[in-house]
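Each chain is listed here by its residues.
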Amino acid sequence: MSDTINPSGTPQTQPDAPQTAQIPPAPAAAPVPPAAGAAVPPAGSAPIPPAGQVPPFQAAPPQQPVQNIPGMPLFNLTGGMKFGWAAAGFLLGPVAILLAWLTNAHNFPEAKSAAVKFSLFGFLAQFLVWILVIGMFGCAACTAATSLPSYYYY
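Draft legend 1. Spatial organisation of the overall build of the chain. A tally of regular secondary structure across the chain gives three helices and zero strands. In sequence order, the secondary structure elements of the chain are arranged as α-α-α. Sorting the 154 residues of the chain into buried and exposed places 11% on the buried side. By sequence separation, contacts in the chain at least 24 residues apart represent 51% of the contacts at least 6 residues apart.

Rendered as structure tokens:
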């Protein structure tokens, strides 16, 4: 059988690991000083296009959400904190609103106002539940009073 790939007939072995050519890193380019009279933009600003040209659209970098850091004042409340203030407002009423206002005095205004707002929501929910309970009791009492017979047979 003839070998068409290796016509010389000498056996060839496969290398164990592929050998890659090592390319030396390119030398770093030295910064070029600006020419005399050329305007240098301030650091961190976008380049200014020449007059009469429209600058290319550059999307703003995505905003990172503000996170609460342990030991620092709160930037904003989490969902569990909001539920907790609403539950405190439902159970304690106006006392919870006062607690939310006093205990969040060292936090940022957004966190303080959210705590007061959700404790107020809880208090309003308590108020609405009491109106419903009293209304239902009143309806039940009126129904019971009018269902009694007005006369008795002895």
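Draft legend 2. Geometry of the nonpolar core. Of all hydrophobic cores here, the largest spans nine residues; its members are Leu74, Leu77, Trp85, Ala88, Ala96, Ala100, Ala111, Ala114 and Ala115. Of all the secondary structure elements, the ones that give two or more residues to this core are helix H1 (79–92), helix H2 (94–103) and helix H3 (109–146). Those residues within four positions of Ala88 in sequence are excluded, and the remaining contacts are Gly93 and Ala96.

Draft legend 3. Molecular detail of the packing of H2 against H3. Here H2 crosses H3 at 175°, and the two axes come no closer than 8 Å. In terms of orientation, H2 lies roughly antiparallel with respect to H3. Contacts between H2 and H3 involve Pro94, Ala96, Ile97, Ala100 and Trp101 on the former and, on the latter, Lys112, Ala115, Val116, Ser119, Leu120 and Phe123. Considered class by class, the residues forming the contact of H2 with H3 number nine nonpolar, one polar and one charged.

Draft legend 4. How the structure looks around the packing of H1 against H2. Across the interface, H1 lies against H2 with an axial gap of 6 Å and an inter-helix angle of 140°. Relative to H2, the element H1 lies oblique. Contact with H1, carried on its side by Trp85, Ala88, Gly89 and Leu92, involves Pro94, Val95, Ala96, Leu99, Ala100 and Thr103 of H2 and no other residues of that element. Among the residues making up the contact of H1 with H2, the classes are represented as eight nonpolar, two polar and no charged.

Draft legend 5. Fine view of a nonpolar patch on the surface. A cluster of nonpolar residues, Phe90, Leu91, Leu92, Val95, Leu99, Val129, Trp130, Val133 and Ile134, forms a patch on the protein surface that exposes about 860 Å² of accessible area. Contributing elements (two or more residues each) for the nonpolar patch: H1, H2 and H3.

Analysis parameters
- Residues numbered from 1 in each chain as written.
- Predicted model: local features only at pLDDT ≥ 70, side-chain atom pairs only at ≥ 80, totals over all residues.
- Heavy atoms only, no water.
- Helix = DSSP H or I, 4+ residues; strand = E, 2+ residues; numbered from the N terminus.
- Buried < 20%, exposed > 50% of the residue type's maximum accessible area, 1.4 Å probe, protein only.
- Contact = heavy atoms within 4.5 Å.
- Core = buried A, V, L, I, M, F, W, Y, C linked by side-chain atoms within 4.5 Å.
- Axes fitted to C-alpha atoms, helices over the stretch in contact; angles between N-to-C directions.
- Parallel < 35°, antiparallel > 145°, perpendicular 65-115°, else oblique.
- Nonpolar A, V, L, I, M, F, W, Y, C, P; charged D, E, K, R; others polar.
- Patch = residues over 30% accessible without salt bridge, like charges linked within 9 Å, V, L, I, M, F, W, Y side chains within 5 Å.
- Areas by Shrake-Rupley, 256 points an atom, 1.4 Å probe, with all protein chains shown as cover.
- Salt bridge = Lys/Arg side-chain N within 4 Å of Asp/Glu carboxyl O.

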